[in-house]
Amino acid sequence: MSWDPYAALGVNRSAGADDIRKAYRKLAKELHPDVRPNDKTAEERFKRATAAFNLLSEADQKARYDRGEIDADGNEKSQFAGGGGYRQSGQRSGAYAGAGGESVFDLGDIFSDLFAGGGGAGARASYGRMRGRDIRFSLDIDFLDAVKGGRRRVQLSEGRTLDVTIPPGVETGQTLRLKGQGGPGVNGGPAGDALVELRVREHPYFKREGDNILMDMPVSLSEAVDGARIQTPTPTGPVTLTVPPGANSGMTLRLKGKGVGGQGDLFVRLQIMLPEPLDEELKKFVRKWPGRDKAPPRPGG
């Protein structure tokens, strides 16, 4: 949900650095949890004001926000951050943007000014140290990587690279959490996480249903009539499949353990394919075949 950092500090968009600092000092003195303990509403307002201060107190970030390049949380508004089939948001954190770029102000200095008698040190310890922001991006992965598991290296727009381990069995829409790979913390706070939403590409002949995989396998007329042993692809490599004599189109054969992550099965549906173009000798044979007019069972018959 979007929010207005200027409104959170109670200043207008033309406010300068001093106005932003004064507004934040006033709110921090009023809302800090050391002043209003156990007041969740005040605590949330304080956190939001701190987020707004971190965004607007840095001239470059403030300018980018004013131009509409980032939102109030510091997320990139561009649709795609670069190549490699992924989309990143939250390149930097408005709420926790102290690291990775010099801020105009030091939160610790503000807190130390607010509380007499050493209270500023405690305030800085508890609220100057902040967790970094989570970053989010989408990652396109191959069907077989989703089935078997895999590893991808992606480059974020700020130049940093992430190694993403893809566990077997993931699906489109599933989100992986990479602990500590998000935005940097402030004043020694822990880093945020990277949240990777996966999008699985379609495969040319495999289709997934739960832990099972389905595929159609063309067979020749002679293979269907006489039976055959044919090479069949699976997610883990080709195997030999036995086609029984007298097989019909639609017959489904099962390969156990060749499904998703080795848990499900691979179901191979046979499809009898006549030669193209149709051989004249085959046409003559069928015309003379005594059983040529025997119709197979049909729906509604």
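A.B. asks: What is the right way to read the overall build of the chain from this model?
C.D. replies: Per the secondary structure count, the chain includes nine helices and twelve strands. Sequence separation of 24 or more characterises 54% of the internal contacts of the chain that already satisfy a separation of 6 or more.

A.B. asks: Help me understand unusual backbone geometry in this model?
C.D. replies: Backbone geometry follows two general trends: most residues other than glycine have a negative phi, and most peptide bonds adopt the trans configuration. Residues E276 and P277 are joined by a peptide bond in cis, for which omega reads -5 degrees. Turning to its location among the elements, P277 is positioned in the loop between β12 (266-273) and α9 (280-288). Residue N38 is not a glycine yet carries a positive backbone phi of 65 degrees. For N38, the position within the fold is in the loop between α2 (17-31) and α3 (40-56). We classify N38 as exposed; its relative accessible area is 81%.

A.B. asks: What's the story with the packing of aromatic side chains in this structure? I'm lost.
C.D. replies: Two measures describe an aromatic ring pair: the distance that separates the ring centres and the angle between the ring planes. Throughout the structure, instances matching the rule amount to four aromatic pairs. Consider the rings of F143 and F206, whose centres lie 6.3 Å apart with planes at 25 degrees: the pair is stacked. Of this pair, F143 sits in helix α7 (residues 143-148) while F206 sits in the loop between β6 (194-200) and β7 (207-209), and the two are 63 residues apart along the sequence. On the accessibility criterion, F143 (9% relative accessible area) is buried.

A.B. asks: What's the story with the side chain of R152 in this structure? I'm lost.
C.D. replies: With respect to the helices and strands, R152 occurs in strand β3 (residues 150-155). Of the side chains bearing the opposite charge, D145 lies closest to the buried R152, which forms no salt bridge; the N-O distance is 5.7 Å. A distance of 2.7 Å separates a polar side-chain atom of R152 from the backbone oxygen of D140.

A.B. asks: Explain the sheet that holds β7 to me, please; I cannot follow it from the model alone.
C.D. replies: Picture the strands of a sheet paired through backbone hydrogen bonds; they go either parallel or antiparallel. Within the open sheet, the four strands sit side by side as β7-β8-β12-β11. Their pairing is mixed. With partners counted over all chains shown, the strands left at the sheet margins are β7 and β11 (252-255), one partner each. In this sheet, neighbouring strand axes are inclined to one another by 35 degrees on average, regardless of whether the strands run parallel or antiparallel. Taken together, the eight bridges between strand β8 (residues 212-220) and β12 define a ladder with parallel strand orientation. Note that in β12 the partner of L214 across the bridge is F267.

A.B. asks: What exactly am I supposed to notice about the side chain of S57 here?
C.D. replies: Along the polypeptide, S57 turns up in the loop between α3 and α4 (59-66). Side-chain polar atoms of S57 contact the backbone oxygen of F53, separated by 2.7 Å.

A.B. asks: Which parts of the structure should I look at to understand the nonpolar core?
C.D. replies: Soluble globular proteins tend to bury their nonpolar side chains together. Grouped together as the largest cluster of nonpolar side chains are 22 residues, with contacts concentrated most on L9, V11, I20, Y24, L56 and Y65. Dropping the residues within four chain positions of it, Y65 is found in contact with W3, D4, P5, Y6, R13, L55, L56, I70, D71 and A72.

A.B. asks: Looking at this structure, I do not really get a nonpolar patch on the surface. What am I missing?
C.D. replies: Taken together, the side chains of L221, V225, L274 and L278 make up a nonpolar region of the molecular surface, amounting to roughly 320 Å² of accessible area. By secondary structure assignment, the location of L274 is in the loop between β12 and α9.

A.B. asks: Hey, could you run me through the environment of V154 in this one?
C.D. replies: Looking at the secondary structure, you find V154 in strand β3. Note on V154: relative accessible area 3%, which makes it buried. For the pair V154 and V164, spaced ten residues apart in sequence, the C-alpha to C-alpha distance is 7.6 Å.

A.B. asks: Would you take a moment to explain α2 for this structure?
C.D. replies: Because an α-helix packs 3.6 residues into every turn, residues spaced three or four apart end up facing the same way. Look at α2: 21 Å from first C-alpha to last across 15 residues, which is about the 21 Å you get at 1.5 Å a residue. Considered for burial, the residues of α2 that qualify are I20, A23, Y24, L27, A28 and L31. Projection of α2 onto a plane perpendicular to its axis shows the buried side chains occupying an angular sector of 130 degrees, all on one side. The exposed set on the far side of α2, more than 90 degrees from its buried face, consists of D18, K22, K26 and K29.

A.B. asks: How should I be thinking about the confidence of the model for the chain in this particular structure?
C.D. replies: Reading fine detail from the predicted coordinates is not recommended where pLDDT is low. Put simply, the chain has an average pLDDT of 82, and 81% of its residues get 70 or more. Per-element mean pLDDT across the chain ranges from 42 in strand β1 (residues 86-89) up to 98 in β11. Confidence over residues 116-126 falls short of pLDDT 50; this stretch has 15 contacts with residues more than four positions distant or in other chains.

A.B. asks: Hey, could you run me through the pairing of β6 in this one?
C.D. replies: Remark: a regular strand shows side chains that alternate across the two faces of the sheet. Judged from the seven bridges that link them, strand β2 (residues 135-141) and β6 form a sheet pairing that is parallel. Within the sheet, the bridge partner assigned to L139 lies in β6 and is L198. Relative to β6, strand β5 (residues 175-178) runs antiparallel, the two being bridged by four bridges. Each bridged residue has a counterpart across the sheet, and for L176 the counterpart in β6 is V196.

A.B. asks: Whenever I open this one, α4 confuses me. Can you help?
C.D. replies: Among the residues of α4, Q61, K62 and Y65 are the ones counted as buried. Buried positions in α4, seen along its axis, are confined to an arc of 100 degrees and lie on one side of it. What points out from α4, more than 90 degrees from its buried face, is the exposed set A59 and D60. At the exit of α4 stands G68, carrying a positive phi of roughly 85 degrees.

Rules behind the numbers
Residues numbered from 1 in each chain as written. Predicted model: local features only at pLDDT ≥ 70, side-chain atom pairs only at ≥ 80, totals over all residues. Heavy atoms only, no water. Helix = DSSP H or I, 4+ residues; strand = E, 2+ residues; numbered from the N terminus. Contact = heavy atoms within 4.5 Å. Buried < 20%, exposed > 50% of the residue type's maximum accessible area, 1.4 Å probe, protein only. Phe/Tyr/Trp six-rings, centres within 6.5 Å; stacked < 30°, edge-to-face > 60°. Lys, Arg positive; Asp, Glu negative; His and termini not counted. Salt bridge = Lys/Arg side-chain N within 4 Å of Asp/Glu carboxyl O. Polar contact = N/O pair within 3.5 Å; in protein donor to acceptor, adjacent residues only side chain to side chain. Pairing = 2+ DSSP bridges. Axes fitted to C-alpha atoms, helices over the stretch in contact; angles between N-to-C directions. Core = buried A, V, L, I, M, F, W, Y, C linked by side-chain atoms within 4.5 Å. Patch = residues over 30% accessible without salt bridge, like charges linked within 9 Å, V, L, I, M, F, W, Y side chains within 5 Å. Areas by Shrake-Rupley, 256 points an atom, 1.4 Å probe, with all protein chains shown as cover. Expected span 1.5 Å × (residues − 1). Arc of directions from axis to C-beta. pLDDT = per-residue confidence, 0-100.

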